[in-house]
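The residues making up each chain are set out below.
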Amino acid sequence: MLDRVRELWAERPALLAVAGIAPVAFAVTLLVLFLVAGGGDAEQAQQQVAADQQAQSEPQDVQASDADAQQSAPSQPEVTVIVQGGQPDQQQEEPTQTEPPPADEEEEQAEATSQSQAQPEEEPQETAPTEVAGYVVVPLSNLIEDGIDEDALRHGSDGSEGAILPRSNGVVPSSGEPHATTWEIIVPSAGLKSSVVSLGRTPTGAMGSPDNPYVVGWLDSTPAPGEVGNTLLAGHRDYEDLSGNIGTGVCWELHNTQVGDHMLIWDEALNVYYVYTVTETVTLDPSDRESARYLHNTDVPVVTLITCTGTFNTETKRYSHRLVVVGELSAVASPDA
């Protein structure tokens, strides 16, 4: 066999070389193909193993995270959700939430809020009291059928003249804002209508008189109009001012007032009239001890209006007597519309 190979090698060396190399090349080729195919399968196998491991690990992670979330999150009530369109009812665990109102409702709410803020609040309307000082308030026309003749009320003013009288003969400060009140007195029988101002006492303790002859003064240590007690009022019959001018005062015609006549005090704060019926008119000597009783307090609401009368002393510039008109509260009235 060996001799035959030598002969072939001598005769045809190329053929023998091909014949020897071909099996080796074929074997090498098979080996390479096997390695390539085997390597690909191995790589695919490794990739498959890695994918399987990842697939196994992900559910565990997800389950773990879900378990943590369930432990940390507060429990939510089960809400039954009805699915429309022919689908069966389903129960899902979802948090209860208040759905926001539709856009149209939000716009309406915003518009209503802006309108309420733009519109000013309506002030409550004042209503006239139905009872004052224990009296049911009635229309003034029920008490004075013919009404009050304003043109006949020619004595008195609002006090805008100020202090025009000298500080003598019992005159005390009574003009200006500190002495202003919300009252006005009307005595139709005396043609009297004027503001009421507050005043005090003289240095000797006597009741003072206003420094304006056109107003009536209220002794501020006595009850206010409408209250129980004796409301003391004073006014000038006539006067001589700081410039020497002489004139008639607010009580110039008070002597015309008789028992049964009315004296009215209007309370601007309550918008009512305190209606007093005259029960007594008297002229007295101020030096008479009996006259002091008209200055005492009473158990019922009355007003006592005092002015000068009698003989005038030109030297002392004093009158000899006082005219006292007493009225008792008989009604409370509202102004006629």
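That block above? That's the structure.
Residues numbered from 1 in each chain as written. Predicted model: local features only at pLDDT ≥ 70, side-chain atom pairs only at ≥ 80, totals over all residues. Heavy atoms only, no water.

A. Representation of the side chain of Ser198 within the structure. Tracing the backbone shows Ser198 in strand S7 (residues 192-199). Not counting the four nearest positions on each side in its chain, Ser198 is found in contact with Pro173, Ser174, Pro178, His179, Thr181, Trp218 and Asp220. (Helix = DSSP H or I, 4+ residues; strand = E, 2+ residues; numbered from the N terminus. Contact = heavy atoms within 4.5 Å.)

B. Representation of the environment of Tyr273 in the model. Following the sequence through the fold, Tyr273 ends up in strand S13 (residues 272-284). Among the residues examined, Tyr273 registers a relative accessible area of 13% and is labelled buried. With 90 residues separating them in the primary sequence, Tyr273 and Trp183 have C-alpha atoms 9.4 Å apart. Residue contacts for Tyr273: discarding those within four places in its chain leaves Leu140, Ile186, Leu264, Ile265, Trp266, Ala331, Val332, Ala333, Ser334 and Pro335. (Buried < 20%, exposed > 50% of the residue type's maximum accessible area, 1.4 Å probe, protein only.)

C. Examining the environment of Arg154 more closely. Within the secondary structure, Arg154 is located in the loop between strand S5 (138-139) and strand S6 (180-187). The spacing of Arg154 and Gly191 is 37 residues in sequence and 5.6 Å in space, taken between C-alpha atoms. The contacts of Arg154, once residues within four sequence positions are left out, are Gly191 and Glu253. In terms of polar contacts, Arg154 uses its side chain to reach the side chain of Glu253, at 2.8 Å. (Polar contact = N/O pair within 3.5 Å; in protein donor to acceptor, adjacent residues only side chain to side chain.)

D. The arrangement of the nonpolar core in detail. Among the nonpolar cores identified, the biggest contains 27 residues, and Ile185 and Leu233 are the most heavily contacted of them. Only S6, S7, strand S8 (216-219), strand S12 (262-267), S13, strand S14 (301-313) and strand S15 (318-334) provide two or more residues apiece to this core. Leave out the neighbours within four places in its chain, and Ile185 touches Leu192, Lys193, Ser194, Val196, Val216, Leu233, Leu264 and Ile265. Ile144, Ile148, Leu153 and Tyr273 belong to the second-largest nonpolar core, a separate cluster that totals ten residues. (Core = buried A, V, L, I, M, F, W, Y, C linked by side-chain atoms within 4.5 Å.)

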